[in-house]
Amino acid sequence: MIYIRTDMNDIIATGHVMRCLSIADAAKEMGEEVTFILADNQAEDYIISRGYQVIVLGSRWDAMETELPVLLELIRKRNIESILIDSYQVTEKYLAELTKVTRTIYLDDLNAFHYPVDNIICYANYYKKFAYEKNYPIDKLYLGLNYVPLRKEFQDCCPKVINEQVKNLLLLSGGTDNYHILRRLLERIDLVEYQQVHVICGKYNADYEDLKLKNKDCTNVYIHKAVTDMKRYMEEADLVISAGGSTLYELCAVGTPAISYSFADNQLDNVRKFQEDGMIDYAGDIRCDNVMDNVVRLLERYANNKALRQERSIKMQKIVDGYGARRIAEVI
């Protein structure tokens, strides 16, 4: 039995749970059962619908030390031998207490402090900046893009077919859209330039109904919510505008050229590294930069430049093979 401690809600969105579900799916294929441990029941129904057991601690997701008595007792009663932890809310004390009684594997991309755990997994493209090897025994570490935990459908993707012009545009914002980025993009982009503009709202996007209403007369604009076949939309798109995060690694797997933007501090290293590596252009931080103007400029750059899009696509597909979730499951 594999145990995973993570959370999902309208503040932290869906990213932690979704990557953990990819790992759970890989573990299930290997014949392992998986149980998720959650602070509250906000993600319970969704995880159960995916075929996994759930334990709700009845604690606060943003005050994890308070759950220690309950979680430690659970570990004792169930004889839990190892646990994968994926949350930005952990503290040194929290991890240290768990490591005393079970093997702890922490999924990290912040290097927020020295983690008193048995193993660290960091798949972020910028992991080298953290110099983990200087602070942890090498046999504790699983680092790099080989561990990007994507869903099975992103394994062994075919080379992307690049069209002469950008005709199919895809807009993504992740699980939430508190800065109303999708609405602002639709208002700023010259939509008549495209045959199709697909807009995918995340599970916690409050603008979905409003976007549908405002664009009901635009015959080339399609508004979707919490789709289950994201890969298809990515493959069909000629170009994607996306927030930073795990979505960019999915785009790498399918090889679809993209423009990124950020709206949270934990996305900044990710988007800047992709820009630095000449793979995904960065339009800026929505909180302080003129992202909309930058997006328009970059759209013009990519529109008829097949050679540039081809170059980016090849680079992207070289770095992600889609087997990261299975490798993490093997680590656990």
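Further up the page is the structure itself.
These notes cover the structure that comes with them.

**Looking at the pattern of salt bridges**
Pairing is possible between side chains of opposite charge, provided their charged atoms come close.
Okay, step 1: In the structure shown here, the tally under the stated rule is 29 salt bridges.
Okay, step 2: Residues D25 and R50 are paired through a salt bridge, measuring 2.7 Å at the closest nitrogen-oxygen approach. Taken together, the residues span a long stretch of sequence, with D25 in helix α1 (residues 15-29) and R50 in the loop between α2 (44-49) and β3 (53-56) at a distance of 25 residues.
Okay, step 3: D25 gets classed as partly exposed once you look at its relative accessible area, which sits at 27%.
Okay, step 4: Measuring nitrogen to oxygen at the nearest pair gives 3.5 Å for the salt bridge that ties R183 to E187. Highlighted residues: R183 and E187, both in helix α6 (residues 181-188), separated by four residues, approximately one helical turn.
Okay, step 5: Its relative accessible area of 54% is what places E187 among the exposed residues.
Okay, step 6: Among the charged side chains, a network of salt bridges with common partners joins R5, D7 and E67.

**Brief notes about the side chain of S82**
Okay, step 1: As for its position among the elements, S82 is in strand β4 (residues 82-86).
Okay, step 2: In this structure S82 touches Y3, T102, R103, I105 and I332, once residues within four positions along its chain are discounted.

**Side note on the sheet that holds β3**
Okay, step 1: Ordered in space as β3-β2-β1-β4-β5-β6-β7, the seven strands form an open sheet in which the pairing is parallel. A strand with exactly one partner marks an edge of an open sheet, and here the two such strands are β3 and β7 (141-143). Mean inter-strand twist for the sheet, computed between neighbouring axes without regard to direction, equals 20°.
Okay, step 2: Summarising the sheet, strand β5 (residues 103-107) and strand β6 (residues 119-122) pair through three bridges and their orientation is parallel. Among the inter-strand pairings, I105 is bridged to a residue of β6, identified as N119.
Okay, step 3: Contacts from α1 reach β1 (2-6), β2 (34-38), β4 and β5 within the one sheet, and its direction differs from that of β1 by about 175°.

**A short note on the nonpolar core**
Okay, step 1: By size, the foremost hydrophobic cluster in this structure holds 85 residues, and its most contacted members are F36 and Y132.
Okay, step 2: In terms of residues, this core owes the most to one element, α1, which gives seven residues.
Okay, step 3: Discounting chain neighbours no more than four positions away, the residues touching F36 are I4, T6, C20, L21, A24, I47, Y52, Q53, V54 and I55.
Okay, step 4: By size, the runner-up hydrophobic cluster in this structure holds 33 residues, among which are V166, V197, V291 and L299.

**Considering helix α11 (residues 291-303)**
Okay, step 1: The terminal C-alpha atoms of α11, which comprises 13 residues, lie 18 Å apart, in line with the 18 Å expected from a rise of 1.5 Å per residue.
Okay, step 2: Among all positions in α11, only V291, M292, V295, V296, L298, L299 and Y302 are buried.

**Let's talk about the environment of L84**
Okay, step 1: Note on placement: L84 falls in strand β4.
Okay, step 2: With a relative accessible area of 0%, L84 lands in the buried category.
Okay, step 3: Ignoring sequence-local partners within four residues, the contact set of L84 consists of Y3, I4, R5, I23, I105, L107 and I332.

**Side note on the sheet that holds strand β12 (residues 258-262)**
Okay, step 1: Across the sheet, six strands lie side by side as β10-β9-β8-β11-β12-β13; this open sheet has parallel pairing. Unpaired on one side and paired on the other, β10 (221-225) and β13 (281-285) mark the two borders of the sheet. Taking the axes of each pair of neighbouring strands and ignoring which way they run, one obtains an average angle of 15° across the sheet.
Okay, step 2: Pairing of strand β9 (residues 196-201) with β10, which is carried by five bridges, proceeds in the parallel orientation. The residue bridging V199 from the neighbouring strand is I223, located in β10.
Okay, step 3: Strands β8 (168-172), β11 (239-243) and β12 of the sheet are contacted by helix α9 (residues 246-254), whose axis makes an angle of about 160° with β11.

What counts, and at which threshold
- Residues numbered from 1 in each chain as written.
- Predicted model: local features only at pLDDT ≥ 70, side-chain atom pairs only at ≥ 80, totals over all residues.
- Heavy atoms only, no water.
- Salt bridge = Lys/Arg side-chain N within 4 Å of Asp/Glu carboxyl O.
- Helix = DSSP H or I, 4+ residues; strand = E, 2+ residues; numbered from the N terminus.
- Buried < 20%, exposed > 50% of the residue type's maximum accessible area, 1.4 Å probe, protein only.
- Contact = heavy atoms within 4.5 Å.
- Pairing = 2+ DSSP bridges.
- Axes fitted to C-alpha atoms, helices over the stretch in contact; angles between N-to-C directions.
- Core = buried A, V, L, I, M, F, W, Y, C linked by side-chain atoms within 4.5 Å.
- Expected span 1.5 Å × (residues − 1).

All quantities given are derived from atomic positions and should not be read as evidence of function.
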